[in-house]
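These are the residues of each chain, in order.
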Amino acid sequence: MTPEAVEAVEARTASRASSGVSPWRSLTFKQAVLTLLVALVLGLAVGAVQLWLDWGEMRKEVRRSLDETLSLVEGSASEAVYQLHEELGRQLIDGLFALESLRRAELRDDFGQVLAEREHPMPVTGLTRDWAWLFADICRVQRPLTYAVGSEQPALVGQLSLELAPEVLVERFLRQALTDSLLGSLRALFISALVVAIFYLMITRPLLRLGAAIARVDPANPGRWQAPALPTHRRDELGLLLNHLQHLLGASQAALDERDRARAELSALARDLEVRVRERTAELEQQKDVLARAFSELETTHGELARANRLVLESIQYARRIQTAMLPDKAALDGRLAAIQVRWEPLHLVGGDWFWLEPMGERSLILIADCTGHGVPGAFITLVLASAMKEILRAEGARDPAQILLAIDRLVRARLRQDHPEAESDDGLEAAVAIWDPARRALEFAGAGIPLLCVSPEGRVETIRSARAHLGYRSLPPPEAIPVHRVAVAPGARFYLLTDGVSDHMGGTPPRLLGRRRLAEWLAGQVERSLQDQVADLQRLLDAYRGREPRRDDMTLIAFQPLPSDPPPLDSLRE
Amino acid sequence: MRGLIWLGLWLCSLTAPLAEEVSLQRYVVGVENIDYRPYHDGRNAGFEGFGRELLDAFAAAEGLAFDYQPLPVARLLPSLLDGRIDFKYPDDPHWQPQQRLGAVLHYSQPVVESLDGTLVPDGALGQPASRIQQLGTVVGFTPVAWLDALGEGRLMLRENADFTALIRQTLIGRVDAAYANVAVVQYQLRELGLDSAPTLRFDPQLPHLRGDYRLSTSRHPDILERFDRWMLDEAEQVFAIKARHGLPDTQIPADPAHPFP
């Protein structure tokens with residue numbers, strides 16, 4: 001198809017497109033009406049302003065014309081009245097009637113006599129009379145006439161009076177206004193028609209062509225769209241619109257092509273995925289069978305483990321009963337001390353901590369021990385220790401704290417066969433012994449790895465250090481000597497023996513150990529409370545400090561307060 | 001001593017006229033502002049000629065002082081009637097009769113005779129008055145001798161600014177005749193060098209009017225009486241002044257129709 005043929009088709013299509021719109025609703029008609037209205041309104045407004053300006057200008061012109069005329073004839077008029085030259089005055093007055101609007105002229109001398117005058121009646125219509133006020137105030141002018149003789153000052157010699165007919169001026173003004181109005185209306189009509197034609201040729205017709213062409217876009221193949229020929233709009237907004245439209249349709253075509261490609265690839269992927277799913281499902285079925293067998297075996301194993309665990313727990317609980325049976329009665333020293341609190345809490349059911357309370361005549365023995373490890377191994381060591389203590393206190397009759405500790409070392413080594421080089425056990429313990437002698441109101445203390453905390457009634461804390469020694473342990477030499485500390489006991493003083501499981505609680509932010517020093521300071525601040533409450537608060541303090549952290553070791557605390565003097569009745573001392 | 005006496009006399013001679021001038025009564029005399037020689041010349045805001053010399057002689061004799069105010073001829077009478085001037089010179093009761101109606105004016109005895117006549121080019125001398133259709137005159141002058149013809153519309157009057165214009169207009173034929181004071185026109189012809197043929201000549205067959213120039217007033221008739229008496233008493237001086245200005249040589253034919261005896 002030739003370009004001319006394409007253009008003809010577009011024109012027909014555009015015509016059909018526009019024929020679908022009522023002529024009264026067409027863009028061209030609206031634009032024509034709007035342009036005409038705007039032109040008329042603007043014309044009226046501008047015309048009114050122009051009329052007002054013309055009125056002002058005409059008034060100025062009348063004044064100027066009168067002034068010029070008066071200036072022109074002033075010399076002659078002065079000469080006429082000075083000479084009292086009636087003929088000259090008449091000629092001058094007659095000459096003034098060249099002014100079309102002049103109704104009356106008068107030349108009067110300074111003697112009050114009229115030298116010359118003339119009046120020209122004017123035809124007056126109702127319209128001009130009604131509008132005469134427009135110029136009435138400027139229609140009467142008088143010019144004093146002066147004359148100078150020689151070098152004398154000019155003297156007044158007469159007066160020239162002119163009177164214009166305002167009706168003539170009004171008629172001229174109205175005629176001019178009517179002409180201007182008609183010309184303005186014609187101009188508005190012409191401009192409107194011109195603007196409409198230009199608008200139609202420049203915008204409406206190309207838009208119709210473009211709209212018709214857009215209507216022919218194939219939604220399935222927008223990229224194959226034939227753009228209309230807009231040869232005179234290549235570089236303007238319509239050309240830009242056409243370019244954007246072509247670009248948009250091209251992009252749509254590319255997107256459609258891409259969509260088709262993606263759809264094909266997606267179908268292939270779906271097919272491949274189905275195959276894979278089927279394969280994977282088969283594999284999973286196989287694995288499911290294997291897993292079911294494994295779960296079955298695991299369940300069997302769990303059952304066996306639970307049974308074994310139950311047996312272990314039963315064994316341990318039984319061991320706890322045994323270990324508990326090996327501990328002394330916590331009331332063994334009741335009546336010998338003002339108060340005593342014992343907290344023995346193994347980490348598990350059984351532990352490596354152990355204590356012993358025993359009256360020795362008037363004296364009272366308190367021992368605390370922290371054996372190697374915890375749980376069942378630690379418990380076994382406590383059994384060894386308990387056996388050793390029975391021998392030491394019963395058979396050997398040891399009564400000195402240091403001797404007791406040294407004896408423990410000796411017997412533990414012997415019973416665990418640590419004195420043989422081939423022995424497998426390298427276990428031992430840390431321990432402390434305190435003996436309260438009420439007769440001398442003194443406390444004898446000896447420690448191997450466990451100190452004694454002394455808190456005065458005033459809240460002063462004193463730590464009596466232990467010897468740097470361990471009891472037992474094949475790899476360590478036996479302690480050569482363990483010092484014995486004798487402490488004078490003030491009335492109300494309290495003493496604390498504790499294993500490191502009490503002070504080694506981990507907590508706080510950042511996490512760190514509570515420590516024996518902070519524990520001692522806390523105890524010093526609690527002197528006003530009873531020993532029982534103090535130990536219960538200590539338990540809450542430790543739980544709060546530890547928070548979510550688990551306990552790490554067995555924990556044993558023995559707190560006691562010696563009697564101030566003679567022992568009170570037995571019932572009042574029991575806590 | 002003698003020197004002091006002479007000095008005193010000299011100072012007295014200087015101050016005496018001053019004192020006399022201060023005591024003089026001053027009057028304004030309205031005069032014509034035209035060249036009307038040999039009678040007078042009122043151009044350029046001054047006043048010269050016979051009239052000035054005569055009035056100055058009278059004033060000097062009577063202890064008066066005249067200030068001369070040249071005015072257009074037509075403005076003189078209204079100025080006198082309006083009281084803007086004390087005296088008018090020259091004047092004649094026949095001039096501008098309409099304006100004088102009802103006015104009380106006083107006139108002196110004739111000062112000098114005048115003859116207002118019709119002058120025509122040499123070739124038109126002796127023609128009848130009916131041939132005169134356009135009559136020229138000088139602005140402010142009334143052609144009294146032709147008033148009837150003018151009133152009947154048989155004649156058109158053309159006024160000229162001065163005598164020179166009147167003479168030239170008549171010589172080139174734009175007007176048929178010039179009506180003016182014969183002595184003045186003859187004086188102007190001589191001044192213009194036009195006193196040889198072709199020139200203008202007075203035609204006694206055409207309307208003319210003999211008259212006298214007088215001094216007039218509305219408010220000072222006593223001064224006029226003193227003026228009349230002075231002219232009688234000083235007739236020789238008056239004659240001498242006229243002679244100096246050539247007025248006695250005027251060829252004025254006797255006219256029995258002179259209105260003033």
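Residues numbered from 1 in each chain as written. Chains lettered and ligands numbered in written order. Predicted model: local features only at pLDDT ≥ 70, side-chain atom pairs only at ≥ 80, totals over all residues.

A. Highlighting the overall build of chain A. Helix and strand content of chain A: 13 helices and 17 strands. Scored against the burial criterion, the 575 residues of chain A give a buried share of 28%. The contacts in chain A between residues at least 6 apart in sequence include a share of 70% that link residues at least 24 apart. (Helix = DSSP H or I, 4+ residues; strand = E, 2+ residues; numbered from the N terminus. Buried ≥ 20, exposed ≤ 12 C-beta atoms within 10 Å, placed from the backbone. Contact = placed C-beta atoms within 7 Å.)

B. Highlighting the overall build of chain B. Scanning chain B from terminus to terminus reveals nine helices and 12 strands. Scored against the burial criterion, the 261 residues of chain B give a buried share of 39%. Taking as baseline every contact in chain B between residues at least 6 positions apart, the subset at least 24 positions apart corresponds to 72%.

C. Representation of the sheet that holds strand 14 (residues 494-498) of chain A within the structure. All names here are of chain A. Spatially, five strands are ordered 5-17-14-10-11 in an open sheet, and the strand pairing comes out antiparallel. The open sheet is flanked by strand 5 (337-345) and strand 11 (461-464), the only strands paired with a single partner. Pairs of neighbouring strands in the sheet enclose a mean axial angle of 15°, with direction left out of account. Relative to strand 17 (residues 555-562), strand 14 is paired through four bridges, and the arrangement is antiparallel. Following the sheet pairing, Tyr496 is matched in strand 17 by Ala559. Against the sheet, helix 12 (residues 531-546) contacts strand 5, strand 14 and strand 17, and its axis sits at roughly 20° relative to strand 5. (Pairing = 2+ DSSP bridges. Axes fitted to C-alpha atoms, helices over the stretch in contact; angles between N-to-C directions.)

D. Here's a closer look at the interface of chain A and chain B. At the junction of the two partners, chain A supplies eight residues and chain B supplies 10 residues. Here the side of chain A that touches chain B is built from residues that sort into four nonpolar, three polar and one charged. (Nonpolar A, V, L, I, M, F, W, Y, C, P; charged D, E, K, R; others polar.)

E. Structural context of unusual backbone geometry. Cis geometry is adopted by the peptide bond preceding B:Pro38, which originates at B:Arg37 and carries an omega value of 10°. Within the secondary structure, B:Pro38 sits in the loop between strand 2 (35-36) and strand 3 (40-41). Geometrically, the link from B:Tyr89 to B:Pro90 is a cis peptide bond, its omega value of -5° lying close to zero. With respect to the element layout, B:Pro90 can be found in strand 5 (residues 87-91). Residues other than glycine seldom take positive phi values, yet A:Arg441 does so here, at roughly 45°.

F. Region of interest: the nonpolar core. B:Ala178 and B:Ala180 are the most contacted members of the largest nonpolar core, which has 84 residues in total. For this core, the element with the most residues is helix 2 (residues 27-83) of chain A, which contributes seven residues. Here B:Ala178 is in contact with B:Leu119, B:Gly136, B:Leu166, B:Ile167, B:Thr170, B:Val185 and B:Leu200, once residues within four sequence places are set aside. One finds A:Val350, A:Ala388, A:Leu497 and A:Leu519 within the second-largest nonpolar core, a separate group that totals 67 residues. (Core = buried A, V, L, I, M, F, W, Y, C linked by C-beta atoms within 7 Å.)

G. Structural context of the sheet that holds strand 2 (residues 114-119) of chain A. All names here are of chain A. With respect to topology, four strands assemble into an open sheet ordered 2-1-4-3, the strand pairing being antiparallel. The sheet terminates laterally at strand 2 and strand 3 (140-147), the two strands that pair on one side only. Direction aside, the axes of adjacent strands within the sheet are offset by 15° on average. When strand 1 (residues 102-109) meets strand 4 (residues 155-164), the two strands line up antiparallel, connected through seven bridges. Counted as the bridge partner of Leu107 is Leu160 from strand 4. Across the sheet, helix 2 touches strand 1, strand 2, strand 3 and strand 4, and the angle it forms with strand 3 is around 35°.

H. Main features of the packing of helix 6 (residues 163-171) of chain B against helix 7 (residues 182-192) of chain B. Residue and element names in this part refer to chain B. As a packed pair, helix 6 and helix 7 sit with axes 10 Å apart at the nearest point and diverge in direction by 80°. Classified by the angle their axes make, helix 6 and helix 7 are roughly perpendicular. Every residue of helix 7 that contacts helix 6 at Phe163, Thr164 and Ile167 is listed here: Val184, Val185, Gln188, Leu189 and Leu192. By residue class, the composition of the contact of helix 6 with helix 7 is six nonpolar, two polar and no charged. (Parallel < 35°, antiparallel > 145°, perpendicular 65-115°, else oblique.)

I. Molecular detail of the environment of A:Ser456. Residue and element names in this part refer to chain A. By the element assignment, Ser456 lies in the loop between strand 10 (452-455) and strand 11. Assessed through the 14 C-beta atoms surrounding it within 10 Å, Ser456 is described here as partly exposed. C-alpha separation for the pair Ser456 and Gly492, spaced 36 residues apart in sequence, amounts to 7.0 Å. Contact partners of Ser456, with chain neighbours within four places excluded, come to Ala490 and Ala493.

J. Inspection of the pairing of strand 6 (residues 353-360) of chain A at higher detail. Residues and elements named next belong to chain A. Taken together, the eight bridges between strand 6 and strand 7 (residues 363-371) define a ladder with antiparallel strand orientation. The residue bridging Leu357 from the neighbouring strand is Ile366, located in strand 7. Taking the residues that link successive antiparallel strands as the turn, the strand 6-strand 7 hairpin has two residues, and the phi of Gly361 there is positive, at about 65°.

K. Here's a closer look at the environment of B:Gln96. Residue and element names in this part refer to chain B. Relative to the helices and strands, Gln96 is located in the loop between strand 5 and helix 4 (97-100). Sequence separation between Gln96 and Val144 is 48 residues; the distance between their C-alpha atoms is 8.9 Å. Filtering out sequence-adjacent residues up to four positions away, Gln96 remains in contact with Leu77 and Thr142.

L. Molecular detail of the confidence of the model for chain B. For chain B, per-residue confidence averages 85 on the pLDDT scale, and residues scoring 70 or more make up 86% of the total. Complex prediction metrics read pTM 0.49 and ipTM 0.75. (pLDDT = per-residue confidence, 0-100.)

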